[in-house]
Amino acid sequence: MKNFLKQHGLWVLFAGAVIAVTLALMSYFSTTSSPLVNLASIVSAPFKSAYTSLVSWIDDKKAYYEDYTALEEENKQLKQQLAEMEQQVRKAQDALDENERLSKLLNLREKYRTFELETATIIEHSSSNWASSLTLNRGTEHGVEVNDCVITESYYLVGIVSEVGQNSCTVLTVVDTDTSLGAQVFRTKDVGVASGDFSLMGSGKLKLSYLPAQTQLLNGDLVVTSGLGEYYPSGLVIGTVDEVQMDDSGATRYAVVEPSAPLDELTEVFIVKSFDIVD
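Residues numbered from 1 in each chain as written. Predicted model: local features only at pLDDT ≥ 70, side-chain atom pairs only at ≥ 80, totals over all residues. Heavy atoms only, no water.

K.L.:
What should I look at first to understand the sheet that holds strand S9 (residues 222-225) in this one?
P.N.:
Pairing between the strands of a sheet is mediated by backbone hydrogen bonds and can be parallel or antiparallel. One closed barrel accounts for 6 strands, arranged S6-S7-S8-S11-S10-S9; its pairing is antiparallel. When strand polarity is set aside, the average angle formed by the axes of neighbouring strands in this sheet is 40 degrees. Bridging between strand S10 (residues 237-246) and strand S11 (residues 253-259) involves 7 bridges; their strand directions are antiparallel. Each bridged residue has a counterpart across the sheet, and for Met246 the counterpart in S11 is Arg253. (Pairing = 2+ DSSP bridges. Helix = DSSP H or I, 4+ residues; strand = E, 2+ residues; numbered from the N terminus. Axes fitted to C-alpha atoms, helices over the stretch in contact; angles between N-to-C directions.)

This is the structure in structure tokens:
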């Protein structure tokens, strides 16, 4: 035994030290965590930090995208509201312009309150590719004469009396090809001749010819009777400009006019038997 300790004592001491250290380490790690767990924690720490940063970045981008989308939607709604408000302003301006136009027209009509009118009922509508006429239940017995104007209650020109019987008369409407009378564009004061046209009758429109080449008409411009020659009263509404064209010669323009009187819907009209012109 003595020989064993003498020969191997150093190794026994070393082994005991190793065992003691090992037991101490095991005792320490047993109160905290296992070596493998501790090692895994050390190795995974950078990855956890990177993952946390990535998640935070994604959350920031998501919040930015949501805010941007919300702002974009709000901007879209504001643009829509602005467009609607601009449309309302345009409508209000159009209403003001129309009110001013009608006020001026009303002042013009006030000059002709001495119209002698005969109320008449339409008993027949007649329309074809070359003619447009009405038959009324009034004639010579009621003081009606050829070339009397026929209007609506709004002073819209319906047409001109072409034939008269004792108790009836025929009226050529403003779109009939045999109708022709002096006309004026209310806004520009340009004077021309309003007449029916074969190419326009199918669409229920008429033609305003002999306009100056430099005339600047707009769609919707009001066209009224000119009253030149004092044959017809001035200021009766014929219709509104639908479009402007240059004639074949290129020297003058003509306008396509939409009648203001609803010719196909009328049941009652007024015959202007006489009128006084007041300046």
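K.L.:
Got a minute to help me understand the environment of Ile160 in this structure?
P.N.:
With respect to the helices and strands, Ile160 occurs in strand S4 (residues 157-164). Among the residues examined, Ile160 registers a relative accessible area of 9% and is labelled buried. Separated by 14 residues in the primary sequence, Ile160 and Val146 place their C-alpha atoms 7.8 Å from one another. The contacts of Ile160, once residues within four sequence positions are left out, are Asn147, Asp148, Cys149, Thr170, Val171, Leu172 and Tyr232. (Buried < 20%, exposed > 50% of the residue type's maximum accessible area, 1.4 Å probe, protein only. Contact = heavy atoms within 4.5 Å.)

K.L.:
For this particular structure, what's the right way to read the confidence of the model for the protein chain?
P.N.:
Regions with low pLDDT carry predicted coordinates that are not meant to be interpreted in detail. For the protein chain, the average pLDDT comes to 78, and 66% of its residues sit at 70 or higher. Mean pLDDT across the elements of the protein chain bottoms out in helix H1 (residues 2-31) (51) and peaks in strand S5 (residues 169-173) (97). (pLDDT = per-residue confidence, 0-100.)

K.L.:
How do you make sense of the pattern of salt bridges when you look at a structure like this?
P.N.:
If the charged atoms of two oppositely charged side chains come close together, the side chains can form a pair. Applying the stated rule across the entire model yields 6 salt bridges. Lys273 is the salt-bridge partner of Glu116, the closest N and O atoms lying 3.7 Å from each other. One end of the pair, Glu116, is in strand S1 (residues 116-127); the other, Lys273, is in strand S12 (residues 268-274), with 157 residues separating them in the sequence. Residue Asp221 pairs with Arg187 through a salt bridge whose shortest N-O separation is 2.8 Å. In this pair, Asp221 is assigned in the loop between strand S8 (206-211) and S9 and Arg187 in the loop between strand S6 (180-185) and strand S7 (191-195), connecting sequence segments 34 residues apart. Its relative accessible area of 7% is what places Asp221 among the buried residues. Among the charged side chains, a network of salt bridges with common partners joins Glu116, Glu118, Arg138 and Lys273. (Salt bridge = Lys/Arg side-chain N within 4 Å of Asp/Glu carboxyl O.)

K.L.:
Help me out: how do you make sense of the packing of aromatic side chains in this one?
P.N.:
Each aromatic ring pair is specified by the distance between its two centres and by the angle formed by the two planes. Summed over all chains, the structure comprises 2 aromatic pairs. Ring plane angle 35 degrees and centroid distance 5.9 Å describe the contact between Phe115 and Tyr155, whose orientation is recorded as tilted. Note that Phe115 is positioned in the loop between helix H2 (35-109) and S1 and Tyr155 in the loop between strand S3 (149-151) and S4, a separation of 40 residues in sequence. Each of the two residues, Phe115 as well as Tyr155, counts as buried. When the ring centre of Phe186 is taken as origin, the NZ or CZ atom of Lys189, which lies over that ring, is 4.5 Å away. (Phe/Tyr/Trp six-rings, centres within 6.5 Å; stacked < 30°, edge-to-face > 60°. Lys NZ or Arg CZ within 6 Å of the ring centre and 35° of its normal.)

K.L.:
Sorry, what's going on with the environment of Thr177 here?
P.N.:
Here Thr177 is to be found in the loop between S5 and S6. The sequence separation of Thr177 and Ser195 amounts to 18 residues, and the corresponding C-alpha distance is 6.6 Å. In contact with Thr177, not counting residues within four places along its chain, are Trp130, Gly196, Asp197, Phe198 and Met201. A polar atom in the side chain of Thr177 sits 3.0 Å from the backbone oxygen of Trp130. (Polar contact = N/O pair within 3.5 Å; in protein donor to acceptor, adjacent residues only side chain to side chain.)

K.L.:
I keep staring at the sheet that holds S3 and nothing clicks. Help me out?
P.N.:
As summarised here, the arrangement of the 6 strands in space is S1-S2-S5-S4-S3-S12, forming a closed barrel in which the pairing is antiparallel. Looking at each pair of strands side by side, their axes are set apart by 40 degrees on average, direction ignored. Pairing of S4 with S5, which is carried by 5 bridges, proceeds in the antiparallel orientation. Considered in S5, the bridge of Gly159 is made with Thr173.

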